[in-house]
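One letter stands for each residue in the lines below.
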Amino acid sequence: MDDRAYLLQAVEKARKTMQENLGGPFGALLVDDQGEVFIASNTVLGSHDPTAHAEVNVIRQACKEKGTHDLSGSVLYTTCYPCPMCLSACIWANIKQVYYGCTPQDAQAIGFRDDFIYRYINRGCSDASVLSLHQSDRSACLPLFEEYQAMDKELY
């Protein structure tokens, strides 16, 4: 299959769940390094889970079915440029290639607020009217990190 065919499958998946009022116009398809295909859509409304974006859902599905947290060599196709959360999920999953259809401006034009989050990040996450971040009791948490480091566990 070619890139357009994969993207069209993501579009159809998004259309189906969108019409079922499970989520917005967001679908994602992942092809792993062996050619196995995984497909998911946004299910924020149906699951009442604000993290149930199409990209996150397809990454979760692929990781669960493959028994790994590392999707190196996979390619992601998505109906819209990934939001900051989904971009981060791609990076954490070691996905290096993403093909997208619509732009953040297209999402903003119909009311989605991805750009609002990009601006918050670009301003150093310092706008307390958006989110107020406070460090608290580092001394209670740091030993946990030191214990993990001493265990010589896998970093991800």
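Counting restarts for each chain, with residues numbered from 1 along the sequence as it is written. Per-residue local features of the predicted model are confined to residues with pLDDT of at least 70, and side-chain atom pairs are confined, for both listing and counting, to 80 or more; whole-chain, interface and lining totals are unaffected and use all residues. Excluding hydrogens and water, the side-chain figures rest on all heavy atoms present in the structure.

## Overview of the side chain of Asp-114
1) Next: Think of it this way: any DSSP run of H or I at least four residues long counts as a helix, any run of E at least two long counts as a strand, and we number them from the N terminus. Within the secondary structure, Asp-114 is located in helix H6 (residues 114-122).
2) Next: One buried charged residue, Asp-114, remains without a salt bridge, the closest side chain of opposite sign being Arg-113 at 7.3 Å.
3) Next: Working rule for contacts: check all heavy atoms of both residues, and any pair within 4.5 Å makes them a contact. Discounting chain neighbours no more than four positions away, the residues touching Asp-114 are Tyr-81 and Cys-83. Using a 1.4 Å probe on the protein chains alone, a residue whose accessible area is under 20% of its type maximum counts as buried, one over 50% counts as exposed, and one in between counts as partly exposed. For the purpose of charge, His is not counted, nor are the chain termini; Lys and Arg are scored as positive and Asp and Glu as negative. One side-chain nitrogen of Lys or Arg within 4 Å of one carboxyl oxygen of Asp or Glu is enough to make a salt bridge.

## Topic: the sheet that holds strand S4 (residues 97-102)
1) Next: One requirement defines pairing of two strands: DSSP has to find at least two bridges between them. Spatial strand order, S2-S1-S3-S4: four strands in an open sheet with mixed pairing. Looking at strand neighbours, the two that pair on one side only are strand S2 (37-41) and S4, the edges of this open sheet. In this sheet, adjacent strand axes meet at a mean angle of 15° when their direction is disregarded.
2) Next: For strand S1 (residues 27-31) and strand S3 (residues 75-80), the ladder comprises four bridges, and the chain directions are antiparallel. Within S3, the residue paired with Leu-29 across the bridge is Tyr-77. Here an axis means a line fitted to C-alpha atoms, over the contact stretch when the element is a helix, while the angle between two N-to-C directions is reported on a 0 to 180 degree scale.

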